[in-house]
Amino acid sequence: MTLASEVDLQQFFSREHHRIHLVGVAGSGMSGIAALLLELGHDVSGSDKVGSLETDRLQRLGLRFHTQHRAEDAEEVEMVIFSSAIQEKNPIRVRAREVGAQLVRRAEALAAIMSGKRGIVIAGMHGKTTTSAMAAHVLREGGLHPSHYVGAEIPLLGSNAHWDSRGQYFVAEGDESDGTLRFFKPEHTLILNIEEEHLDYYADLAAIESVFSQLLDQTSGSFFYCADDPHAVRICGARARSISFGFAPEADYCGTDIDLQDFASVFCVSCRGEKLGEARLNVPGHHNVSNSLGVIALAMELGIPFAKIVASLRRFEHARRRFEIKYESDRFLLVDDYAHHPTEIRATLATAKSAGRNRVLTMFQPHRYSRTKALRREFGCAFDDADRVVVTDIYPASEAPLPNISGQTIVDEMIAHGHRGVTYQPRLELVHCDLGNMIASGDLILSLGAGNIHEQLSILAADLVIAERLKRIVGEEGNVLLYEPLAKHTTLRVGGPAQFWVEPRNEAAFADLIRYCRRENLPLFVIGRGSNLLVRDGGIRGVVVHPCGGEFDRVDVSGNEITAGVGAKLKQVAYAGKAAGLGGLEWMEGIPGAVGGGLRMNAGAMGAQTFENVVRIRYLDGEGNASMKTPAELEINYRHVPSLERNFAVSAVFSGTPSTPEEITRRLNESQEKRRTTQPSAKSAGCIFKNPKSGPAGKLVDELGLKNSRVGNARVSEVHGNFIINEGGATAAEVLELIDRIKRVARTERGIDLETEVEIVGEEA
Ligand code: EPU
């Protein structure tokens, strides 16, 4: 690599307009360099595997962007700048070497750009993005027109980097992760904290401290350091020109009387024993008070009046992904934070806890295999302030996996440490489901990590907006759950989650749900007791309505008629008949489903079927309007009622025949006995197939010798060939494969096309 001298580089960037290419330009650090170079008037191109919002913005400023690293991009330019994530064999790096273009590291370029101004470097393991943004903001409001470079998008500053030709100062976040701090030669340095981190790069703490010491040696003006951090004190404390800040009474700039409120802090500041006054910071957390004391010290030493500093701090808002509120209502608070080191996690969780909600639920994506391995113990103790934690797998950040290191490593450490609310979900795309299904009114939900876990929180936030609307529709008495596992609501005990599980308690709420789904274009599916239902493992998208409780569970007898809501069990109708001396309904005793399901599929047993006993049904149509119909007005087939696929039954009136108690009891017993002796008691969805014209499907399966055949934990019952039973932990995919196998054999051996009676719904996993 051609290592340019610092003076050359500084002149290169400041004197003329040059053609420069950036490899890995979409990254938060590289995009900042691109912005600075464009503002300095250079002709800038860049490449990255993926574009981002930042590359979109830069393209508007003049960046020529490619989503491929093409060797030819090195041919037309004088300089190639690359991020530390870009490997030596990258085609642009290779060609740049061949054609003799200058190759420069990101931090080297930044240091050179910065050397055109009076540099201020903010360094430390945690909080440097927030602190550098805060410093740039306070200097800007103090009229100093600083340029800045910060490692994240800062809405308040307009961008992550900006060159302001009017000002003298340049505030930069210094990145210690790859040793590039040593490139900086600033006027002032502010050190927040030093800790064991990035052990993929550094051998030990001493190696880390030596890089910080070198930065201090290269600093011409003052050293600001946190007096509460022992490592920072060790390397800065003894130096002349050092200025300390923090909570320690000996700190030059000292914070006292700290009042931590929900999302803000109020504290008193004194300088070398003299009280300056009160400050308010509108970002939460004790650690941020400490960071702001560093900024106050810096700004005071640069001559900005305290009153002005305090006014600016009040207006300071967070960088993205630093305790960023994604959704807030009376019932829920969703927050995203970039914390990925145990110390940061502890600080963020302490802040979350102090927000005063009922519980703190956390989703965490570990970042880097090397960090997970090195700090596994510390991670194990970092989550004490979280009531529930879902840990997903490691975000590799360009690292190759390490043997036996995964998200499970941290889960194991947490369990060993005594945490009782932690689970592992290796599939990132399911994390929002796991967490969303746990939430209850009053919870604060936090996503933590430096990778892409925040996307899971965003999905949850978007669904929560709809869930809250659904909750308002069903009212206090109704129930709404997110991502409810349908395996809990089907007798076969298989099936993935319902995106929105909604239990209305009355017809008016049900009608409103139908109208809302229609308006919002949300799919709507109604589920009763799930006794004849096979839900695929990916679950059901949209609203799954379960009418139960309230009006829907009522069973009233009047004369020879029994009116039952769709949530009532068919069995209850049979027993209500018995109590009123009404017979002819005894067969319903043998059906595990509810009235709604019985109507929808015209369920039957003992040679009878539902609609033979129905006098009227009441249903809601696709627009939520109610109608009453007699069976004569409907098309009714064996196990199939077409109009109830488009409309939603809410109640039915059944008619019974006056009978003696003895007769009813005899028939109930007969039904029970038949079920007990001919049907399995294990978990099933009832009969899987409709009986074909040629005879009972169960008998056919039996004759084909398929009883007891299995796929995984799904097995054909040996008691009845038309039942598939779940032996425990079966998946829908297994059941479906077994169904296909039976169909195939019936077709090839007997020429019979079996048709499923169970309703098969949902998406594949
Ligand atoms: N059979 C066999 N081997 C078997 C199963 C059945 O030889 O493995 C023979 C039986 O011995 C009997 C005939 O097949 O001679 C019919 O069996 P069953 O009386 O059990 O009736 P089915 O037609 O299989 C129907 C309903 C059931 C209902 C029963 C009891 C259908 C598809 N099934 O079963 O309904 O419980 O009658 O009345 O119509 C359901 O719909 O989910 C359901 C379970």
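Above: the structure in question.
Note that the structure is a prediction, hence the values are computed from the model and not measured. (Residues numbered from 1 in each chain as written. Predicted model: local features only at pLDDT ≥ 70, side-chain atom pairs only at ≥ 80, totals over all residues. Heavy atoms only, no water.)

## Details of the overall build of the protein chain
The helix and strand inventory of the protein chain stands at 23 helices and 39 strands. By its C-alpha atoms, the protein chain is 105 × 60 × 50 Å across when sized along the principal axes. Here the contacts in the protein chain between residues at least 6 apart in sequence split such that 65% fall between residues at least 24 apart. For the protein chain, the exposed area adds up to about 31100 Å²; of that, 46% sits on carbon and sulfur atoms. Both charge centroids of the protein chain, one from 85 positive and one from 100 negative side chains, sit 4 Å from each other. (Helix = DSSP H or I, 4+ residues; strand = E, 2+ residues; numbered from the N terminus. Contact = heavy atoms within 4.5 Å. Areas by Shrake-Rupley, 256 points an atom, 1.4 Å probe, with all protein chains shown as cover. Lys, Arg positive; Asp, Glu negative; His and termini not counted. Charge placed at Lys NZ, Arg CZ, Asp CG, Glu CD.)

## Here we look at the site of the ligand
Contacts to the ligand come from 22 residues, most closely from Met606, Lys674, Asn691, Gly721 and Glu757. The side chain of Arg639 places a nitrogen or oxygen atom 2.9 Å from an oxygen atom of the ligand. Bound to the protein, the ligand loses 75% of the 810 Å² it would expose on its own. Elements with a minimum of two residues in the shell around the ligand: β30 (604–605) and α22 (697–703). If one sorts the elements of the shell around the ligand by residue count, α22 sits on top with three residues. For the shell around the ligand, a count of residues per class yields seven nonpolar, nine polar and six charged. (Near = heavy atom within 4 Å. Polar contact = N/O pair within 3.5 Å; in protein donor to acceptor, adjacent residues only side chain to side chain. Nonpolar A, V, L, I, M, F, W, Y, C, P; charged D, E, K, R; others polar.)

## With respect to the environment of Ser47
Mapped onto the secondary structure, Ser47 falls in strand β2 (residues 43–47). Its relative accessible area of 0% is what places Ser47 among the buried residues. Residues Ser47 and Gln425, spaced 378 residues apart in sequence, show a C-alpha to C-alpha distance of 34 Å. With residues up to four places along the chain from it excluded, the contact list for Ser47 reads His21, Leu22, Val23, Gly24, Val25, Phe65, His66, Gln68, His69 and Ile92. (Buried < 20%, exposed > 50% of the residue type's maximum accessible area, 1.4 Å probe, protein only.)

## Structural notes on the sheet that holds strand β17 (residues 333–337)
Read across the open sheet, the six strands follow the order β16-β17-β21-β18-β19-β20; overall the sheet is mixed. A single partner strand is all that each edge strand has here, and the edge strands are β16 (324–328) and β20 (422–424). Ignoring strand direction, the axes of neighbouring strands in this sheet form an average angle of 15°. Pairing geometry for strand β19 (residues 388–391) and β20, over three bridges, is parallel. Of the residues in β20, the one forming a bridge with Val391 is Tyr424. Against the sheet, helix α11 (residues 342–354) contacts β17, β18 (359–364) and β21 (443–448), and its axis sits at roughly 160° relative to β21. Here helix α14 (residues 407–417) sits on the sheet in contact with β18, β19 and β20, set at roughly 160° to β20. (Pairing = 2+ DSSP bridges. Axes fitted to C-alpha atoms, helices over the stretch in contact; angles between N-to-C directions.)

## Let's talk about the pairing of strand β9 (residues 169–173)
A large share of β9 lies buried, amounting to five of its five residues. Along β9, one buried face is formed by Tyr169, Val171 and Glu173 and the opposite face, lined by Phe170 and Ala172, is buried too. Two elements, strand β6 (residues 118–123) and β9, share five bridges in a ladder whose sense is parallel. Its bridge partner being in β9, Arg118 is matched across the sheet by Tyr169. Note: strand β7 (residues 147–149) against β9, three bridges, orientation parallel. Residue pairing across strands places Tyr149 opposite Ala172, the latter belonging to β9.

## Quick look at the packing of helix α6 (residues 128–141) against helix α9 (residues 286–301)
Orientation of α6 relative to α9, taken along the N-to-C sense of each, is 40°, at an axis distance of 9 Å. In this view, α6 runs oblique relative to α9, as classed from their interaxial angle. By crossing handedness, the relation of α6 to α9 is classed as right-handed. Facing Thr130, Thr131, Met134, Ala135, Val138 and Leu139 of α6, the residues of α9 in contact are Asn288, Asn291, Ser292, Val295, Leu298 and Ala299. Of the residues belonging to the contact of α6 with α9, the class tally is seven nonpolar, five polar and no charged. (Parallel < 35°, antiparallel > 145°, perpendicular 65-115°, else oblique. Left-handed = near helix turned anticlockwise from the far one by under 90°.)

## Focus on helix α17 (residues 507–520)
Taking 1.5 Å of rise per residue, 14 residues should cover 20 Å, and α17 covers 20 Å from first to last C-alpha, within 8% of that figure. At the C-terminal side of α17, Asn521 shows a positive phi close to 60°. (Expected span 1.5 Å × (residues − 1).)

## With respect to the pattern of salt bridges
Enumeration over the complete set of coordinates arrives at 42 salt bridges. Taking the shortest distance from any N to any O, the salt bridge between Arg427 and Glu429 comes out at 2.9 Å. In this structure, the salt-bridge partner of Glu623 is Arg518, at a minimum N-O distance of 3.0 Å. One end of the pair, Glu623, is in the loop between β32 (614–620) and β33 (626–629); the other, Arg518, is in helix α17, with 105 residues separating them in the sequence. A single network of salt bridges, built from pairs that share partners, joins Glu586, Glu663, Arg666, Arg667 and Glu670. (Salt bridge = Lys/Arg side-chain N within 4 Å of Asp/Glu carboxyl O.)

## Focus: the side chain of Glu399
Position of Glu399 relative to the elements: it lies in the loop between β19 and α14. Polar side-chain contacts of Glu399 include one of 3.4 Å to the side chain of Arg368.

## Things to note about the nonpolar core
Judged by nonpolar contacts, the single largest core of 70 residues is most densely connected at Leu334, Ile445, Val595, Leu599, Ile617 and Phe654. Among the elements that make up this core, the one with the highest residue count is helix α16 (residues 454–474) (eight residues). The contacts of Ile617, once residues within four sequence positions are left out, are Leu599, Phe611, Ser627, Met628, Lys629, Leu634, Leu644, Ser651 and Ala652. (Core = buried A, V, L, I, M, F, W, Y, C linked by side-chain atoms within 4.5 Å.)

## Overview of the packing of aromatic side chains
Counted by the stated rule, this structure contains six aromatic pairs. Relative to Phe552, the ring of Phe510 lies with its centre 6.1 Å away and its plane at 75°, an arrangement referred to as edge-to-face. With a gap of 42 residues between them, Phe510 in helix α17 and Phe552 in the loop between β26 (540–545) and β27 (555–558) connect regions that are remote in the sequence. On the basis of relative accessibility, which here comes to 0%, the residue Phe510 falls in the buried class. Relative to Phe648, the ring of Phe510 lies with its centre 6.0 Å away and its plane at 40°, an arrangement referred to as tilted. (Phe/Tyr/Trp six-rings, centres within 6.5 Å; stacked < 30°, edge-to-face > 60°.)

## With respect to the sheet that holds strand β37 (residues 714–716)
In any sheet, the strands associate via hydrogen bonds between backbone groups, in a parallel or an antiparallel arrangement. What the three strands build is an open sheet, ordered β36-β37-β38; its pairing is antiparallel. Two strands close off the open sheet at either side, each with one partner strand: β36 (710–711) and β38 (724–726). For β36 and β37, the ladder comprises two bridges, and the chain directions are antiparallel. Bridge assignment links Arg710 to a residue of β37, and that residue is Arg715.

## Considerations on the packing of helix α18 (residues 570–579) against helix α21 (residues 661–678)
Put simply, α18 and α21 touch, their axes get as near as 10 Å, and they point 155° apart. As judged from the angle between their axes, α18 and α21 are roughly antiparallel. Handedness of the crossing formed by α18 with α21: left-handed. Judged by residue contacts, Lys571, Ala574, Tyr575, Gly577 and Lys578 of α18 engage Ile664, Thr665, Leu668, Gln672 and Arg675 from α21. Within the contact of α18 with α21, the residues separate by chemical class into four nonpolar, three polar and three charged.

## Examining unusual backbone geometry
At Asp257, a position not held by glycine, the phi torsion is positive, near 50°. Within the element layout of this structure, Asp257 appears in strand β13 (residues 253–260). Here Tyr483, not a glycine, exhibits a phi torsion of approximately 50°, which is positive. Tracing the backbone shows Tyr483 in strand β22 (residues 479–485).

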